Protein chains: 2
Amino acid sequence: MGAVGAAGLGATVATATGPADGENGTEIEPFHGVHQSGIATRAQAHATFVGLDLAADVDRQRFAGILRVWTEDAARLTSGTPSLTDSEPELAHRPARLTVTVGFGPALFDRIDRVDRRPPWIAPLPSYAIDRLDDAWGQTDVLLQVCSDDPITLSHAVRELVKNVRTQVSIRWVQNGFLRARGTEPESATPRNLFGQKDGTENPRTTEDLDRLVWDDGHRYPWLAGGTSIVLRRIAMNLDTWDELDRPARESTTGRTLDTGAPLTGTAEFDRPDLDATDRYGIPVMPPGSHVARAHFRHEGERFLRRAYNYDVAPPPGQVSDAGLLFAAYQRDIHEQYLPVQNRLAEFDALNQWTTPIGSAVYAIPPGVVDSGDHLGRSLLE
Amino acid sequence: MGAVGAAGLGATVATATGPADGENGTEIEPFHGVHQSGIATRAQAHATFVGLDLAADVDRQRFAGILRVWTEDAARLTSGTPSLTDSEPELAHRPARLTVTVGFGPALFDRIDRVDRRPPWIAPLPSYAIDRLDDAWGQTDVLLQVCSDDPITLSHAVRELVKNVRTQVSIRWVQNGFLRARGTEPESATPRNLFGQKDGTENPRTTEDLDRLVWDDGHRYPWLAGGTSIVLRRIAMNLDTWDELDRPARESTTGRTLDTGAPLTGTAEFDRPDLDATDRYGIPVMPPGSHVARAHFRHEGERFLRRAYNYDVAPPPGQVSDAGLLFAAYQRDIHEQYLPVQNRLAEFDALNQWTTPIGSAVYAIPPGVVDSGDHLGRSLLE
C-alpha cells in the first residue's frame, strides 16, 4: 500500500512530511494482490458504497462478464488510467489512492448457483430491538465500495463502474461518507466521528493480526482464501440530543475521554481499557454500560477491523441535520467475531440512546486479483 | 488570503511546494476584512450552501441577534477556535481554510423594513424557457455559504452555525458541492466539472478586476460598499446523454478542447477566444452556438466571477446518477453583468441540451466585518 508514482503519471517523490503540492493525486494503491484493496488500506478521505441488485436475466455467466468489466475498469482507474470506455479521461488521471472493493450478498449465491459455497455468516444479521431498519438501505445482491482521497476521482470512478454495466444492474442505494481530508491531520491520527469521538483505536493493524482476524485462510471455503466479509450498518446519530449532554456525561457514555481518546482507565489513546479497574470505593472506573465496556472484545477472537465513514446529508423538512456513521466492519467470520459484540451492544450500550441503526447489509468479499489473467470472483464462479 | 498559522494552532510552515503532512488543516482564511471571505478566496475543496427562511417572529432586531451570533461563531471557527457553545471542540481545531459567507434574499429587505435599500437586482431572475425550477432549491430569506478543504470541519461548522439559531430559522435546502481535494492537483489548476470541462478559466483574478467587477463601491447603496451579490443556480447535468457524444462533438458544443481547456481558436487555456476567427472556407472556427461563443462577455462590463462546485448525490430509483453543478456567480450588478450573459445562454447555448437549471436564488452579500466591534450586516440594519 501507499506506493507512489506509476507509469503514465511521471515521477513523483513523497517525503517523510508528505507529497509535494498537487502530488497527493498521484498516489496509487495497487489493485493487484492476494487481497482486495480498500480494507487494510489506510482509510481514504472519501468513500462511496453502492448497493446493486442484478437484473432478472443475469446468471452466472453474465455475472462473470460484469466482474471482468469491473476488474478491467478497477485495474485501470486505480492506476490513474481512464477506463476503456472513459468519456472523461481528464477526470481519471489523479487516482489519489483510489480503491475499488467488490462484495457478494447472500442472494447472489443462489443466483449464480453456488449456494453450497456460501459461508453461513453471509446471511442477514439477527433482528435487534434497537434497529429501525429501512429497506432503502438494506441488503442487496452486490456491493461496490469505492474510496479515494479525491471526491472528483471518486465520483468519476463510481460512474464509470456503474455505467458500464447499467443494463444488468439496478442501484438500490448510494451511501457517501467522509473523514478528514488528506493532509488535514497527520496520517497516524485516528479518525473522529461527528459526535467528536475517535473511532477505530483498537483496530488490528499488524499483518499477523490481519491474517488472523480479517483474511480468510480458505480452510472451510477454499474459494474465499484471501477474502473476508463486511458488515455495513447505516447508523443515524442524533446530534441534537447528543448536544444536550455535557462532556463528563459524554465521556461516561462512551468510556473514553473526548480529547485524547484515552479509555477512562488510562491516560493515552492506545492504553488498553481495564474493565476491572475500580476506584477507592470499589466502583468501576469504566462504567459497565459504557460503549467501550460493552463493545470491547472479551477475547482475541472477538476482534475485527472497523473502517467507518461519517455521513451528513441534506436534512428532511423541519430537521436541522441528517447525519451519522457508515459503520463498516471486516472480519473472517461474522458469527464468531462480529455477532458477540453486536449482540452485547444491542442488549445494552449507553450510547444507544443517541444512535439508531437504519440500514444493514452483509457481503462476502472475494479475494484479490493476483494478475492480469485473473478477475474478481473467479474462484467462486468457476 | 492563504495566511498560515494562528494563535492556538502552533507554528506551521508552508513551503513553495505546499504545507507539510497534516498541516493543510491549519491554514486560515482571515475572517475580518472589508470583504467577506469565500468569494475571492481560491476555491476550497468542499462547499455547503444552506438556504434558510426566518421564523415568522424574526424582525430586524432579532435578525441582528442572529447576525451577531454568526459573526462571533464564524470569527472563531474560521480561526480554528471552537464556537462559544461548541460541544465538539475537537472537530473545530483544523479550519483548513474554512470560510463563512452570508447573503440576504429579496424578501429579507421587507422583513427588516429596509425595502428602500434593496438593489433592484436583488430580485428573482426572469423566467427562462430552459428552466425546470423546483422550489425545493428556490429563493430563501438568507444564504449561508460555508467552504473548507476539510469535510469534517465543514460539516461541523455548518452544524454550529445552524444549531445556534435553530429556533429562529428553518432550513429550506442544503446543497453540498466538491472540487478536487486540496493537494490532488497544483493550486493553480482550473477546476473541472463532471462533464470533464475546465470551469472558470476567464475569471477576474486581479485586485483591480475584482474591485471593478465584484465588489460594490457603495455609490448607489452605501450600506453595500465592499459587498457584492451571488446568483446560485443548481444545474442538473445529464451525464447519460452527454456520454453519447464523442470528443469532437463535445468540444464543438463547449467551444474548448477538453484536455487543455484552450478555446478552439487558440492553443492554450488562457488564450482569449476569438469569436470572429474563420477557417479558409470562411466558416467560424468557434461554432456560434457553442457555450463559449454564447457565454463569453461581449464587453468588459459583462464579466463576473464564477465559483462553481460539482454535486453528485444518491440517484432517484431507476436512475444511475443525480449530478450537476452548483453554479455560483458573483458580481456587483446582476442586471448589468450577469443577465446579458444568462439571457444569451437561455436563448441558445448548444450545451443546454445536456444541462437543466433546477434551482435558482439570488442574494446580496453584505460587506465584511472589519473589526471585532462590528457584525455582519450592520451597515444594512442600523
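How each quantity is defined
Residues numbered from 1 in each chain as written. Chains lettered and ligands numbered in written order. Predicted model: local features only at pLDDT ≥ 70, side-chain atom pairs only at ≥ 80, totals over all residues. Heavy atoms only, no water. UniProt positions renumbered as here; feature names shortened; annotations may be inferred. Helix = DSSP H or I, 4+ residues; strand = E, 2+ residues; numbered from the N terminus. Rg over C-alpha atoms; globule rule 2.2 N^0.38 Å. Buried < 20%, exposed > 50% of the residue type's maximum accessible area, 1.4 Å probe, protein only. Contact = heavy atoms within 4.5 Å. Buried area = accessible area lost by both parts, 1.4 Å probe. Salt bridge = Lys/Arg side-chain N within 4 Å of Asp/Glu carboxyl O. Polar contact = N/O pair within 3.5 Å; in protein donor to acceptor, adjacent residues only side chain to side chain. Axes fitted to C-alpha atoms, helices over the stretch in contact; angles between N-to-C directions. Parallel < 35°, antiparallel > 145°, perpendicular 65-115°, else oblique. Left-handed = near helix turned anticlockwise from the far one by under 90°. Nonpolar A, V, L, I, M, F, W, Y, C, P; charged D, E, K, R; others polar. 1 Å grid on protein atoms, 1.4 Å probe; cavity = no way out; pocket = protein on both sides within 12 Å on 5 of 7 lines; lining within 4 Å. Points joined across faces, edges and corners; volume = space filled by probe spheres on them. Least-squares fit on C-alpha atoms with pLDDT ≥ 70 in both. Arc of directions from axis to C-beta. Pairing = 2+ DSSP bridges. Phe/Tyr/Trp six-rings, centres within 6.5 Å; stacked < 30°, edge-to-face > 60°. Lys NZ or Arg CZ within 6 Å of the ring centre and 35° of its normal.

Under the annotation held in an unreviewed UniProt entry, chain A carries the name Peroxidase and is attributed to Rhodococcus rhodnii LMG 5362. As recorded by UniProt, the Cofactor (unreviewed entry) comment attached to chain A reads in full: "heme b". Annotation of chain A in UniProt includes, under Sequence similarities (unreviewed entry), the sentence "Belongs to the DyP-type peroxidase family."

Asker: Would you mind going over the overall build of chain A in detail, with residue names and values included?
Answerer: Helix and strand counts for chain A come out as nine helices and 11 strands. Against the 2.2 N^0.38 benchmark of 21 Å for 382 residues, chain A shows a C-alpha radius of gyration of 21 Å, consistent with a compact globule. In terms of overall dimensions, chain A has a C-alpha envelope of 65 × 50 × 50 Å along the principal axes. Counting only residues that meet the buried cut, chain A has 59% of its 382 residues in that class.

Asker: Quick one: what's the story with the interface of chain A and chain B, residue by residue and with numbers?
Answerer: Each partner contributes to the interface: chain A provides 58 residues, whereas chain B provides 58 residues. Of the roughly 4900 Å² buried between chain A and chain B, counting both surfaces, carbon and sulfur atoms make up 50%. Linking chain A with chain B are 14 salt bridges, by the criterion used here. Among the ionic pairs, R180 of chain A bridges to D150 of chain B, the shortest N-O distance being 2.8 Å. The tally of links from chain A across to chain B stands at 35 residue pairs in polar contact (both at pLDDT 80 or more).

Asker: Give me the packing of helix 1 (residues 60-77) of chain A against helix 3 (residues 151-163) of chain A: which residues, what numbers.
Answerer: Pairs of packed helices are described in terms of their axes, by the angle between the two and the distance that separates them. Residue and element names in this part refer to chain A. It is at 10 Å that the axes of helix 1 and helix 3 come closest, and there the two elements cross at 160°. The orientation of helix 1 relative to helix 3 falls into the category roughly antiparallel. Between helix 1 and helix 3 lies a crossing of right-handed hand. The segment helix 1 lies against helix 3, with W70, D73, A74 and L77 engaging H156, A157, E160 and L161. Residues that form the contact of helix 1 with helix 3 fall into these classes: five nonpolar, one polar and two charged.

Asker: Any chance you could break down the layout of surface pockets for me, citing the residues and the numbers?
Answerer: Gaps between atoms show up when a probe of the same size as a water molecule is rolled over them. By volume, the second largest pocket amounts to about 880 Å³. In terms of residue class, the lining of the second largest pocket is made up of 19 nonpolar, 10 polar and 14 charged.

Asker: I'd like a rundown of the relation of the copies chain A and chain B, residues and numbers included.
Answerer: Each copy of the sequence occupies a distinct position, and chain A is placed on chain B by a rotation of 180° and an axial shift of 0.0 Å, giving an RMSD of 0.0 Å. Both copies are brought into coincidence by an operation consistent with a two-fold rotation axis. A high fraction, 100%, of the interface residues of chain A reappear at the interface in chain B, so the copies pair face to face through one surface.

Asker: Give a description of helix 6 (residues 247-254) of chain A that names residues and reports values.
Answerer: Three- or four-residue spacings in an α-helix give side chains the same orientation, since the helix completes a turn every 3.6 residues. Residues and elements named next belong to chain A. Of the residues making up helix 6, those classed as buried are R250, E251, T253 and T254. Seen from one end, helix 6 has its buried residues packed into an arc of 160°, which puts them on one side. On its buried face, helix 6 is in contact with helix 5 (239-242) and helix 7 (291-295). Where helix 6 begins, one side-chain oxygen reaches toward the backbone nitrogen of A249, 2.9 Å away; that side chain belongs to D246. Of the residues one or two after helix 6, G255 is the one with positive phi, at around 90°.

Asker: Describe the UniProt feature "domain: Dyp-type peroxidase N-terminal" (unreviewed entry) in chain A, and please don't skip the residues or the numbers.
Answerer: Summarizing the sequence annotation, UniProt attributes the feature "domain: Dyp-type peroxidase N-terminal" (unreviewed entry) to residues 36-178 of chain A in the numbering used throughout. The span residues 36-178 of chain A is 26% helical and 22% strand by assignment, and the distance between its end C-alpha atoms comes to 21 Å.

Asker: With reference to specific residues and values, describe the pattern of salt bridges.
Answerer: Residue and element names in this part refer to chain A. A complete count under the given rule lists 66 salt bridges over all chains for this structure. Put simply, R212 and E300 hold a salt bridge, and the shortest N to O gap is 3.1 Å. With R212 in helix 4 (residues 207-213) and E300 in the loop between helix 7 and strand 8 (305-306), this pair connects stretches of sequence that are 88 residues apart. Under the relative-accessibility criterion, R212 is labelled partly exposed at 39%.

Asker: A description of the UniProt feature "domain: Dyp-type peroxidase C-terminal" (unreviewed entry) in chain A should follow, citing residues and the corresponding values.
Answerer: When the UniProt feature table is mapped onto this chain numbering, "domain: Dyp-type peroxidase C-terminal" (unreviewed entry) sits at residues 190-369 of chain A. Between the first and last C-alpha atoms of residues 190-369 of chain A the distance is 29 Å; the span itself is 21% helix and 21% strand.

Asker: Tell me about the pairing of strand 3 (residues 46-54) of chain B, and name the residues and values.
Answerer: All names here are of chain B. Of all nine residues in strand 3, nine are buried, a share of seventy percent or more. Bridge count between strand 3 and strand 5 (residues 142-148): seven bridges; the pairing is antiparallel. Paired with L52 across the strands is V142, a residue of strand 5.

Asker: Could you give me a rundown of the side chain of Q36 of chain A, with the residues and numbers involved?
Answerer: Residue and element names in this part refer to chain A. In this fold, Q36 is placed in the loop between strand 2 (18-19) and strand 3 (46-54). What makes Q36 buried here is its relative accessible area of 5%. Looking at Q36, its side chain comes within polar contact range of the main-chain nitrogen of V102, at 2.8 Å. Engagement of the side chain of Q36 in a polar contact is seen with the backbone oxygen of P366, the distance being 2.9 Å.

Asker: Quick one: what's the story with the packing of aromatic side chains, residue by residue and with numbers?
Answerer: Tallying each qualifying case throughout the model produces 14 aromatic pairs over all chains. Consider the rings of F195 of chain A and W242 of chain A, whose centres lie 4.2 Å apart with planes at 10°: the pair is stacked. Taken together, the positions of F195 of chain A in the loop between strand 6 (169-178) and helix 4 and W242 of chain A in helix 5 put the pair 47 residues apart, joining distant regions of the chain. Here the two residues F195 of chain A and W242 of chain A agree in accessibility, since each one is buried. A cation sits over an aromatic face here: R234 of chain A above W137 of chain A, 3.8 Å from the ring centre. Above the plane of the ring of Y311 of chain B lies R234 of chain B, whose end atom (NZ or CZ) is 3.8 Å from the centre.

Asker: Please provide a residue-by-residue account of unusual backbone geometry, values included.
Answerer: In terms of backbone geometry, most residues other than glycine have negative phi values and most peptide bonds are trans. Residue and element names in this part refer to chain A. Although it is not a glycine, R97 adopts a positive phi angle of roughly 65°. Assignment of secondary structure puts R97 in the loop between helix 1 and strand 4 (99-104). A positive phi angle, close to 60°, is found at D113, a residue other than glycine. Assignment of secondary structure puts D113 in the loop between helix 2 (106-111) and strand 5 (142-148).

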